[in-house]
Amino acid sequence: MYEVCRAHHGEPLSSLAARRLGESLSKNDVVFIATGAGTPPNLPQGETDGPVGAAVLARALILAFDVRVVLVTEDAHLAPVAAVA
């Protein structure tokens, strides 16, 4: 699926996402980032890499575009998201 999408857009999808963010974000924009998927019994507090990735993405967007970021998660996943934020 990735190869089909990359061929369609003519560039790596990460480059496409970065370029589009650069074209659309302005200082003081509000960006919502959702994270924390997971369910008991295996992931009762949510996934392990999503919250960290969301925090890194939030910091990068703040530094690059001076935007305000709101991390969104379910109550059950709040502790890990707050810990990385």
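So, here's what we can say about the structure. (Residues numbered from 1 in each chain as written. Predicted model: local features only at pLDDT ≥ 70, side-chain atom pairs only at ≥ 80, totals over all residues. Heavy atoms only, no water.)

1. With respect to the overall build of the protein chain
Scanning the protein chain from N- to C-terminus turns up 4 helices and 2 strands. Element order for the protein chain, N to C, with α for helix and β for strand: α-α-β-α-β-α. Taken against the 2.2 N^0.38 rule, which gives 12 Å for 85 residues, the C-alpha radius of gyration of the protein chain at 15 Å runs more than 25% over that of a compact globule. Dimensions of the protein chain, computed from C-alpha atoms along their principal axes, come out at roughly 40 × 35 × 15 Å. Put simply, the protein chain has 85 residues, and 20% of those count as buried. Partitioning the intrachain contacts of the protein chain with sequence separation of at least 6 by distance along the chain shows that 66% fall at a separation of at least 24. Carbon and sulfur atoms make up 59% of the accessible area of the protein chain, which totals about 5,900 Å². Across the protein chain, the 6 positively charged side chains and the 9 negatively charged ones have centroids separated by 10 Å. (Helix = DSSP H or I, 4+ residues; strand = E, 2+ residues; numbered from the N terminus. Rg over C-alpha atoms; globule rule 2.2 N^0.38 Å. Buried < 20%, exposed > 50% of the residue type's maximum accessible area, 1.4 Å probe, protein only. Contact = heavy atoms within 4.5 Å. Areas by Shrake-Rupley, 256 points an atom, 1.4 Å probe, with all protein chains shown as cover. Lys, Arg positive; Asp, Glu negative; His and termini not counted. Charge placed at Lys NZ, Arg CZ, Asp CG, Glu CD.)

2. Topic: the nonpolar core
One broad rule of soluble globular proteins: the nonpolar side chains tend to lie buried together. With 7 residues, the main nonpolar core is built from Leu25, Val31, Ile33, Ala54, Ala58, Leu61 and Val67. Among the elements of the structure, β1 (30–34) and α3 (50–65) are those that each provide at least two residues to this core. In terms of residue count, α3 provides more of this core than any other element does, 3 residues in total. Setting aside residues no more than four positions away along its own chain, Ala54 makes contact with Ile33, Thr35 and Leu71. (Core = buried A, V, L, I, M, F, W, Y, C linked by side-chain atoms within 4.5 Å.)

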